[in-house]
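In case you want the letters, here they are:
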Amino acid sequence: MKRLIIILLSSVLHFGVLWGQNADTLRTIEVEEIVVSAARSLRDIGVQKSIMNETVLRENLAASMAEVLAQNSTVFIKSSGRATLSTASIRGTAPSHTSVSWNGIELGSPMLGMVDFSMIPSYFVDGSEVYHGATSVNAASGGLGGAVVLTTNEEQRQGISFQFVQSLASFSTHDEYLRIGYSTPKWSSSTRLLNSGSRNDFPYTNYDKVGHPVERNRNCGYHDQHILQEFFVRGARGGKWAIKGWFTNSSRGIPKLSVDYRDDGLTKSWQDEQSLRSVAEWRRSFGGLRLHSAAGYNLNYIHYIYQFSKGGGEVQRGVDSQSFTQHLFATSAAEWSIGNTLMLAANLKASVYGVESRDVAPLTPVGYEAARGELTSFLSARWKPLEWFGVAGNLREEWRDGSWSPIVPAMFIDVTLSERYGIIISSSVAKNYHHPTLNDLYFVPGGNPHLKPEVGTTYDLGIEGRVKRPTWQLGGKATIYRSDITNWILWAPTVKGFWSPANLSSVRSSGVEARANAEWNFGREGTIGLNAIFAYTSSVDNSAGGAHVGQQLPYIPLYSASAGVRVGWRKWDFDYKWRYYSERNTTYSGASFGNSVVPAYQISDIALSRGMELKNKVRFKVRLEVLNLFGEVYQSVLSKPMPSRSYAISVECKF
Amino acid sequence: MKKLFGLISILTASLILGGCNPSNEPQNGDETPVPYEEGVFVLCEGTYGAGNASLWFYDRDTKEVKADIFGAANEAKLGDVGQSLYLHNNTLFVVVNNSGVVYAVDATTGVVEGIIDNLLSPRFIAIAPSATKGYISQMYTNKIVIFDPRTMAVTGEITLEGVADSEQMVIVGDKMFVAAWSNGHKIAVIDINTDKQIKTFEVGVQPYSMVADKDDNIWIVCDGGNEWSSLPEGVTMEQPSLWRVNSETYATERLHTFAAGSYFRSRLAINGDGDTLYFIHDAVWAVDTTSGVFPTEPLITIEGFGQYGLDIDPFNGDIYIADAKDYMSNGEVLRYNSSGALVDTFEVGLLPSKFAFK
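These lines cover the structure that appears in this document, whether it is placed above or below. (Residues numbered from 1 in each chain as written. Chains lettered and ligands numbered in written order. Predicted model: local features only at pLDDT ≥ 70, side-chain atom pairs only at ≥ 80, totals over all residues. Heavy atoms only, no water.)

1. Remarks on the overall build of chain A
Secondary structure summary: chain A contains 4 helices and 36 strands in total. In summary, chain A has a C-alpha radius of gyration of 25 Å against a globular reference of 26 Å for 655 residues, a match within 12%. The principal-axis extents of the C-alpha atoms in chain A amount to approximately 75 × 55 × 50 Å. When burial is assessed residue by residue, chain A has 57% of its 655 residues classed as buried. (Helix = DSSP H or I, 4+ residues; strand = E, 2+ residues; numbered from the N terminus. Rg over C-alpha atoms; globule rule 2.2 N^0.38 Å. Buried < 20%, exposed > 50% of the residue type's maximum accessible area, 1.4 Å probe, protein only.)

Right, dumping it as structure tokens:
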């Protein structure tokens with residue numbers, strides 16, 4: 001922890017020496033945006049959110065949203081490396097407590113509740129917003145920790161647009177990205193293709209095995225393909241139509257544990273996945289009235305296989321698990337701005353979910369089929385009676401399978417203390433419900449159809465500010481929060497020998513989220529950007545009479561931090577990124593002896609890129625990257641090795 | 001520009017200083033192996049897929065507990081799913097199922113002396129009386145691995161006929177009885193002189209655990225299977241049952257049938273004299289092997305349902321119960337005397353399940 005503080009302080013001090021210079025600005029670069037504005041929109045009253053803009057999303061072709069969120073937000077990503085299951089925890093909650101949408105389509109599996117962020121390429125997202133805590137109710141229901149809202153945007157330039165990126169990296173890793181667009185005043189089309197693959201067999205010293213042999217990461221190759229097609233049409237009467245379809249085909253090995261002494265040929269597991277996410281939407285404005293309707297369909301097929309050799313060439317599948325999930329939805333929303341001081345909003349959403357899950361392996365023939373219908377209504381009023389004061393209130397109500405949930409209320413307040421320095425105090429309180437997943441209810445064996453929804457009550461208090469001058473700007477935000485979640489669903493062993501979920505515990509999550517950014521333009525062609533994020537997350541069992549009261553939940557780091565420096569000079573850019581996570585317990589007793597603890601670690605990455613232009617029309621960019629610069633030996637998930645120093649080069653062509 | 005490069009160099013230097021120590025590498029300290037003279041080894045399974053199994057040692061006289069003795073002696077993890085222990089002479093054989101490995105550990109120092117790796121799904125160990133030959137049972141395959149316990153060299157294998165896999169093994173004289181637990185209902189008999197299968201007979205569904213008593217009878221508990229068992233054609237799920245088998249004639253007796261849906265929380269254990277059988281089935285039961293009469297009252301009444309293992313100290317008859325509690329935190333061992341009075345309790349690792357007594 002001392003090292004972390006020293007590094008952060010030295011970074012800030014060094015920046016302080018430099019920011020006082022004045023110079024004309026010809027070149028600017030975008031650092032990660034923090035929403036701080038004295039005149040921010042009514043929609044954002046009391047909202048605690050962080051935005052990752054396109055600059056951040058386009059840094060690295062090989063990065064999924066898992067890497068982007070880990071570096072640029074306080075969201076904790078639990079992952080065992082690239083192209084492995086990567087789940088998000090916001091403010092110390094469970095992965096299923098993070099609501100995730102892409103262009104309005106819920107990405108959370110109705111079967112498992114969580115989202116694998118490694119399956120979302122950052123190049124398939126143009127805008128990303130993380131709503132923290134109580135403010136997630138503005139975006140979705142069920143996000144007890146928060147919500148991640150991902151969107152794609154229409155290409156604004158007229159005519160043909162083209163972008164191709166080729167990336168090559170260590171361990172036979174390659175990524176190819178192509179985007180072709182065509183846009184007229186009446187319609188536009190955009191096609192994106194991504195092909196990624198790797199052997200991912202990085203070498204590492206295996207400190208978990210007797211004798212500490214040097215080994216390679218095993219059975220961890222992957223091959224992913226994504227296609228995204230979008231059409232946008234502008235109607236004669238001012239309406240805008242969009243149709244979007246995203247298809248994914250993925251085949252990934254499941255890496256072996258560091259303590260697995262078996263040859264690759266003896267046992268092997270992998271997962272194939274195909275998904276289709278499609279949505280059609282319409283928007284139109286009538287003065288201050290904005291209308292939006294959308295309908296979509298989401299299909300996901302996951303096939304997990306565990307296979308072993310019985311000798312003599314005979315191969316058998318020990319697990320052959322297949323799951324189909326479907327989600328059909330339709331939604332309509334209206335937003336009415338009355339002058340600059342009042343905004344009313346309402347929306348209605350109907351959804352149907354279906355799951356068919358089965359294991360067809362001869363040893364464990366289990367499975368279930370289930371469906372669920374939902375209707376969600378949402379009302380919101382936002383009022384700014386004074387220049388320095390805004391207040392907003394939400395009501396959300398849901399119907400599920402024949403019964404109404406209690407109304408979900410939320411309230412938000414903004415108080416502007418200084419317009420000059422953008423100092424705003426914001427606060428919110430909300431109640432939220434998260435319903436059991438279909439696996440929780442119906443999985444065989446163990447599903448519990450009598451589960452109650454998890455209930456969260458969240459309080460936020462934040463302060464933010466910004467100083468902006470012609471050549472430099474400085475911004476920051478800090479939030480304290482507390483969240484009490486009751487009826488927390490845990491899978492626990494039963495007397496029957498299998499595990500079953502129950503509303504077992506209560507959890508109190510509290511902490512601090514802080515972030516700062518700065519930008520300084522020097523000379524006529526230079527820019528320095530700096531950003532830093534820090535989170536203190538106390539997420540402890542609070543069950544009355546429970547055995548673990550006061551203990552941190554497994555895998556939630558008490559401290560996490562990240563920082564980034566970007567230096568731009570003429571056509572050159574240099575990036576330095578750093579991430580830190582404190583020690584994590586993997587059980588409720590992890591600290592009592594070593595082998596259930598994931599030690600603290602910090603990772604540094606650097607990148608150097610050079611842009612070029614051909615006839616002011618075609619732009620090229622070459623980027624060299626060194627990941628895990630200092631060769632940190634670490635694990636993020638117990639017994640799952642992570643790569644040491646590795647290298648990547650990418651070339652981009654764009655017009 | 002000077003200031004720019006000053007910033008970069010100072011920042012980079014500070015980060016190098018902070019980043020060049022791979023802090024997660026094991027730090028060598030005073031690692032002199034600690035001797036484990038007389039006491040009880042406790043194997044904790046750990047969580048499946050997490051690689052956090054552990055081996056503990058309990059001094060039965062001083063009641064001192066030593067944590068993770070494998071890690072301390074070998075600077076390595078034990079592995080994923082600690083399955084079983086077998087103490088022979090001064091060598092402790094540790095079977096780690098989902099790591100596919102069997103360690104031969106010096107039972108005094110905890111140091112690994114030999115390894116058999118690349119095993120599909122090792123479950124249990126049996127050592128022939130000659131001490132020159134050992135057997136490793138395996139799930140998912142009908143092959144039993146034969147090895148030399150002195151060198152840990154694999155010397156052969158037995159391919160079982162008529163059964164799909166092998167679980168617990170019990171050697172009586174020249175015969176080894178092998179339970180085919182997973183989706184099975186048979187016991188295979190091996191002649192350990194020839195390593196040939198000489199007999200197969202049926203008992204209840206899914207013979208889960210076996211021990212031999214002082215009269216060379218084989219006691220078998222069958223869990224009866226469950227709704228998702230993929231049982232052979234013609235075999236259906238049934239109530240759990242306790243069997244006694246004559247090891248000479250192979251005559252079988254179903255001595256007790258348990259309530260439908262009931263669950264065995266421990267395997268069978270037998271005392272040092274071989275005349276009392278113990279197991280956990282809602283409570284700790286003790287069965288006289290001579291009469292074979294199932295008692296009307298349990299020996300020890302227990303609370304909760306985390307009890308995950310039971311064994312009997314052959315040196316003094318003490319009963320050791322492994323309590324896995326909620327499976328998400330460290331477990332506890334409860335030590336009772338042979339009359340059922342609590343002697344001691346101590347904390348161990350995640351999911352304790354097996355014991356070995358020295």
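Don't stop here, the text continues.
2. A short note on the overall build of chain B
Of regular secondary structure, chain B possesses 2 helices and 28 strands. Counting only C-alpha atoms and orienting by the principal axes, one finds that chain B spans roughly 90 × 45 × 40 Å. In chain B, the proportion of contacts linking residues at least 24 apart, taken out of those at least 6 apart, comes to 43%. With an accessible surface of roughly 13,600 Å², chain B has 49% of that area assigned to carbon and sulfur atoms. (Contact = heavy atoms within 4.5 Å. Areas by Shrake-Rupley, 256 points an atom, 1.4 Å probe, with all protein chains shown as cover.)

3. Describing the side chain of A:His226
Residue and element names in this part refer to chain A. Its place among the elements puts His-226 in strand β13 (residues 222-234). A polar atom in the side chain of His-226 sits 3.2 Å from the side chain of Trp-246. Other than its neighbours up to four places away in sequence, His-226 contacts Met-119, Pro-121, Phe-124, Arg-192, Leu-193, Leu-194, Trp-246, Phe-247 and Thr-248. (Polar contact = N/O pair within 3.5 Å; in protein donor to acceptor, adjacent residues only side chain to side chain.)

4. Here's the deal with the sheet that holds strand β14 (residues 186-191) of chain B
All names here are of chain B. Judged by pairing direction, the sheet is antiparallel, and its 4 strands sit side by side in the order β12-β13-β14-β15 without closing on themselves. The two strands at the open ends of the sheet, each matched to only one other strand, are β12 (169-172) and β15 (196-202). If you compare each strand with its neighbour and ignore which way they point, the axes differ by 25° on average. The pairing of β14 with β15 spans 6 bridges and is antiparallel. Its bridge partner lying in β15, Ile-187 is registered against Phe-201. (Pairing = 2+ DSSP bridges. Axes fitted to C-alpha atoms, helices over the stretch in contact; angles between N-to-C directions.)

5. Thoughts on the sheet that holds strand β7 (residues 112-116) of chain B
All names here are of chain B. An order of β4-β5-β6-β7 is seen for the 4 strands of this open sheet, with the pairing classed as antiparallel. Each edge of the open sheet is held by one strand with a lone partner, namely β4 (82-88) and β7. Across the sheet, the axes of successive neighbouring strands diverge by a mean angle of 20°, strand direction being ignored. With 6 bridges joining them, β4 and strand β5 (residues 91-96) adopt antiparallel strand pairing. Bridge assignment links His-88 to a residue of β5, and that residue is Thr-91.

6. As for unusual backbone geometry
Residues and elements named next belong to chain A. In this structure, the amide linkage connecting Val-444 to the following residue, Pro-445, adopts the cis form with an omega of 0°. Among the structural elements, Pro-445 can be located in the loop between α4 (438-442) and β24 (454-468). For Ser-172, which is not glycine, the phi dihedral falls at a positive 55°. Tracing the backbone shows Ser-172 in the loop between β8 (159-169) and β9 (173-183). Residue Ser-172 is classed as partly exposed on the basis of its relative accessible area of 39%.

7. Overview of the pairing of strand β29 (residues 572-581) of chain A
Residues and elements named next belong to chain A. The element β29 is extensively covered by neighbouring structure, given that 8 of its 10 residues are classed as buried. Summarising the sheet, strand β28 (residues 559-569) and β29 pair through 10 bridges and their orientation is antiparallel. The residue of β29 that forms the bridge with Gly-568 is Asp-573. Counting the residues in the hairpin turn of β28 and β29 gives 2 residues, including Arg-570, whose phi is positive at 50°.

8. Considering the pattern of salt bridges
All names here are of chain A. Taken as a whole and assessed by the stated rule, the structure comprises 50 salt bridges over all chains. Across the pair Glu-230 and Lys-244 runs a salt bridge, and its minimum N-O distance is 3.9 Å. Taken together, the residues Glu-230 in strand β13 and Lys-244 in strand β14 (residues 240-253) connect sequence positions 14 residues apart. Taken individually, Glu-230 and Lys-244 each receive the classification buried, so the pair is uniform in this respect. When salt bridges with common partners are traced through the structure, they connect Glu-54, Arg-58, Asp-126, Arg-192, Glu-230, Lys-244, Glu-281 and Arg-283 into a single cluster. (Salt bridge = Lys/Arg side-chain N within 4 Å of Asp/Glu carboxyl O.)

9. Notes on the environment of B:Asp323
Residue and element names in this part refer to chain B. One can find Asp-323 in strand β25 (residues 319-323). Spatially, the C-alpha atoms of Asp-323 and Val-333 are 5.9 Å apart, while their sequence positions differ by 10 residues. Setting aside chain neighbours within four positions, we find Asp-323 in contact with Gly-306, Gln-307, Gly-331, Glu-332, Leu-334 and Pro-352. A polar atom in the side chain of Asp-323 sits 2.8 Å from the backbone nitrogen of Lys-325.

10. A word on the environment of A:Tyr131
All names here are of chain A. Looking at the secondary structure, you find Tyr-131 in strand β6 (residues 127-132). For Tyr-131, a relative accessible area of 11% corresponds to the buried category. Tyr-131 sits 293 residues away from Ile-424 along the chain, and the two C-alpha atoms are 17 Å apart. Look past the residues within four positions of Tyr-131 in its chain and what remains in contact with it is Val-47, Gln-48, Lys-49, Ser-136, Ala-139, Gly-146, Ala-147 and Val-149. At a separation of 2.9 Å, a polar atom in the side chain of Tyr-131 contacts the side chain of Glu-129.

11. Some remarks on the packing of aromatic side chains
For the structure on display, the rule yields 44 aromatic pairs over all chains. Seen from their ring centres, B:Phe279 and B:Phe294 are 6.0 Å apart, and the 40° between their planes marks the pair as tilted. Here B:Phe279 is found in strand β21 (residues 276-280), whereas its partner B:Phe294 is found in the loop between β22 (283-288) and β23 (300-301), with 15 residues between them in sequence. By relative accessible area, which is 18% here, B:Phe294 ends up buried. Within the aromatic cluster, the residues linked to one another by ring pairs are B:Tyr58, B:Tyr320, B:Phe346, B:Phe355 and B:Phe357. The aromatic ring of A:Tyr123 is capped on one face by A:Arg58, whose charged end is 5.1 Å from the ring centroid. Against the face of A:Tyr261 rests A:Lys209, its NZ or CZ located 4.6 Å from the ring centre. (Phe/Tyr/Trp six-rings, centres within 6.5 Å; stacked < 30°, edge-to-face > 60°. Lys NZ or Arg CZ within 6 Å of the ring centre and 35° of its normal.)

12. Some points on the nonpolar core
Counting residues in hydrophobic clusters, the biggest one holds 40 residues, and the most contacted among them are A:Met65, A:Leu69, A:Trp102, A:Phe117, A:Ile120 and A:Leu150. Looking at this core, the elements that each hand over two or more residues are α2 (54-57), α3 (65-72), β2 (76-78), β4 (98-102), β7 (146-151) and β32 (601-614) of chain A. Those residues in contact with A:Trp102 that sit more than four places away from it in its chain are A:Leu107, A:Phe124, A:Val125, A:Leu150, A:Thr152, A:Leu228 and A:Trp246. Counting 20 residues, the second largest nonpolar core, distinct from the first, contains B:Tyr36, B:Phe41, B:Leu55 and B:Val94. (Core = buried A, V, L, I, M, F, W, Y, C linked by side-chain atoms within 4.5 Å.)

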